[in-house]
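The residues making up each chain are set out below.
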Amino acid sequence: MEAQYPKFLLYGLLILGSWLISCLLHFQFLHIYLLSANPNSGATLDVVLPLSVPIALNASFLPPAPSPVGADQDGALPPAPAPSSASCEGRYVHMLDVPSRFDVLSACVEGSPAFQDEGSMCSLMVNAGMGPELPPATGNGTDGDTGVIPNTGWYNTNQYALEVIVHNRMRLYECLTDDPAAATAVYVPYCPGLELQQHLCNRNFTVRNGLSSEFLQWLSSRPQWAAFGGRDHFMVAAKTNWMFRQSAAVKCGNDFLDHPESANMTVLTYESNAWEPLDFAVPYPSYFHPTSVGEVVAWQERARAAERPWLFTFAGAPRANGMLVIRDRIIDSCTSSSRCRIVDCSHDKTCKSPRRVVSAFAASRFCLQPNGDSYMRRSSIDSVMAGCIPVFFHEASTFKKQYRWHHPDPDSSDGEERRYWVLIDQDELLEGKMDIEEVLARYTDEEVAAMREEVIKMIPRFLYEDPRVRFEGDMRDAFDVSFDEVIGRMRRIKNGQDLG
């Protein structure tokens, strides 16, 4: 029996030690809680625990620490918080490092005269792709501004600058990773549209196609490509789809999208084949690049309040030798009507003035959007920004066919689509079976107001935020809408779904 005493003594010491540790932890947690609840109290209590006792404190019950609000003393926005692994789960993107020989803008040095030369591609680099900020309105109407457009947030953005804008947005993306294996998607920062623009209509098809073909060969040889054969890769090609599907027999364009490597990737263009489910179109960049929700809301209010004395407006020019008959008929209809305003783009500088174009659209109820060289026009996006109801003349020109991701979802209780556009059959128009003014005049003031409100509500989904700064407020712009769809598509691919 005496031999058992040491064992009982040991048991007693262990129980006593556990009790002491529990008491110490209790007092420490109580001290932390009291100090957090009354930070101004000067009381202190130091509890020293044995170093041999590992302790992990769970401070989830503590009041959250105050976070900085607004700008710092220098007026700069606070840096974006580092994302948690949970917030990036399924959203990691690996950005490829493209060799300089494939970077058509590598020779552009900020501050050089080329940045101010509109004929130079370097001008697309100004303000991270947005172009020069619009100068203040003259106030006397000589710039075409009716006092609608504010003096901040608007830029003279080139319609082909989206590759640059998206690249700068991706550089600030919070879930970039250096590990391709951890990424849901691989972003390819190559600019096929800008590369093609250098020799768009060169007689030598090899010149038009050469560098892009070489790039695709390089891309498909990368280790990142091997895992999914490029099906997890995405990129932006800032031209219409058909411009990248040309043969040597055609005067302009190349066959970039007809290569098998391109077919494996998700390539975002300005216009898709409206009846091809694996083509993906994204909006042209507008002139409006806000930095906050407040700027967007303020502009929407301006668009709602704008006086609209014109029934319909057309901005464009006829084509030589009557190559676009529908345009000729529209111009004839507009010039013969006292209720139509025409912005004549025959004079090159007229339609290169954002203030003139957007102000004209903001003064009209309807904006005519006939097809040009292809079904989509940048002018359609200008129409949305101005709160002007777009009038299309071919089904393939409608946002429902082209911008499937950005087209508004049905939001009525019965699931019916809220109409925000007008479709006039161009064949019937050319055959003289209908008149544009008569069609548009049938809409009542109430119907026009309801349609215009739907257009104004679409503005956030069709603009691109300022890519240089962290956006203030919660809003999904054209980039966010497109990016979410791309990531969703990549997840389905990696889950083994057959997307074609």
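Keep in mind it's a predicted model, so treat the numbers as computed, not measured.

## Some remarks on the overall build of the protein
Within the protein one finds 15 helices and ten strands. For the protein, with 500 residues in total, the buried portion stands at 47%. When contacts within the protein are restricted to residue pairs at least 6 apart in sequence, those whose partners lie at least 24 apart make up 73%. Element-wise, carbon and sulfur atoms account for 53% of the exposed surface of the protein, whose accessible area totals about 25,700 Å².

## So, the pairing of strand β3 (residues 233-236)
What you see with β3 is no split at all: His-233 and Met-235 on one side and Phe-234 and Val-236 on the other are buried throughout. Judged from the two bridges that link them, strand β2 (residues 185-187) and β3 form a sheet pairing that is parallel. Looking across to β3, one finds that Val-186 is bridged to His-233. Two strands pair when backbone bridges link them, and β3 and strand β4 (residues 266-269) are joined in this way by three bridges, in the parallel orientation. Bridge pairing links Met-235 to Val-267 in β4.

## Topic: the confidence of the model for the protein
Mean pLDDT over the protein works out to 83, with 80% of the residues at or above the 70 mark. A low-confidence stretch, residues 1-5 stays under pLDDT 50, and its non-local contacts, those more than four residues away or across chains, total zero contacts. In the model, residues 23-80 has pLDDT below 50 throughout and makes 28 contacts with residues more than four positions away in sequence or in other chains.

## Some thoughts on the packing of helix α7 (residues 293-305) against helix α14 (residues 445-462)
Orientation of α7 relative to α14, taken along the N-to-C sense of each, is 160 degrees, at an axis distance of 10 Å. What the angle tells us is that α7 and α14 run roughly antiparallel. Crossing handedness for the pair α7 and α14: right-handed. On α14, the residues that touch Val-296, Trp-299, Gln-300, Ala-303 and Arg-304 of α7 are Glu-453, Ile-456, Lys-457, Ile-459 and Pro-460. Among the residues making up the contact of α7 with α14, the classes are represented as six nonpolar, one polar and three charged.

## Side note on the pattern of salt bridges
Enumeration over the complete set of coordinates arrives at 18 salt bridges. Here Arg-304 and Glu-301 are joined by a salt bridge, their closest N and O atoms 2.8 Å apart. On the criterion of helical spacing, the pair formed by Arg-304 and Glu-301 is a turn pair, its members being three residues apart in helix α7. The partner of Asp-445 in a salt bridge is Arg-365, with the nearest N and O atoms 2.8 Å apart. With Asp-445 in helix α14 and Arg-365 in strand β8 (residues 364-369), this pair connects stretches of sequence that are 80 residues apart. Taking relative accessible area as the criterion, Arg-365 reaches 24% and is therefore assigned partly exposed. Counted as one network, the salt bridges with shared partners bring together Arg-169, Glu-465, Asp-477 and Asp-480.

## Quick look at helix α2 (residues 162-171)
Along an α-helix, residues three or four apart share an orientation, since each turn contains 3.6 residues. Burial analysis of α2 places eight of its ten residues in the buried class, the great majority of the element. The complete set of buried residues in α2 reads Leu-162, Glu-163, Val-164, Ile-165, Val-166, Asn-168, Arg-169 and Met-170. For α2, the secondary structure elements touched by its buried residues are β1 (93-95), β2, α3 (192-197), β3 and α15 (478-494).

Reading the values: the criteria
- Residues numbered from 1 in each chain as written.
- Predicted model: local features only at pLDDT ≥ 70, side-chain atom pairs only at ≥ 80, totals over all residues.
- Heavy atoms only, no water.
- Helix = DSSP H or I, 4+ residues; strand = E, 2+ residues; numbered from the N terminus.
- Buried < 20%, exposed > 50% of the residue type's maximum accessible area, 1.4 Å probe, protein only.
- Contact = heavy atoms within 4.5 Å.
- Areas by Shrake-Rupley, 256 points an atom, 1.4 Å probe, with all protein chains shown as cover.
- Pairing = 2+ DSSP bridges.
- pLDDT = per-residue confidence, 0-100.
- Axes fitted to C-alpha atoms, helices over the stretch in contact; angles between N-to-C directions.
- Parallel < 35°, antiparallel > 145°, perpendicular 65-115°, else oblique.
- Left-handed = near helix turned anticlockwise from the far one by under 90°.
- Nonpolar A, V, L, I, M, F, W, Y, C, P; charged D, E, K, R; others polar.
- Salt bridge = Lys/Arg side-chain N within 4 Å of Asp/Glu carboxyl O.

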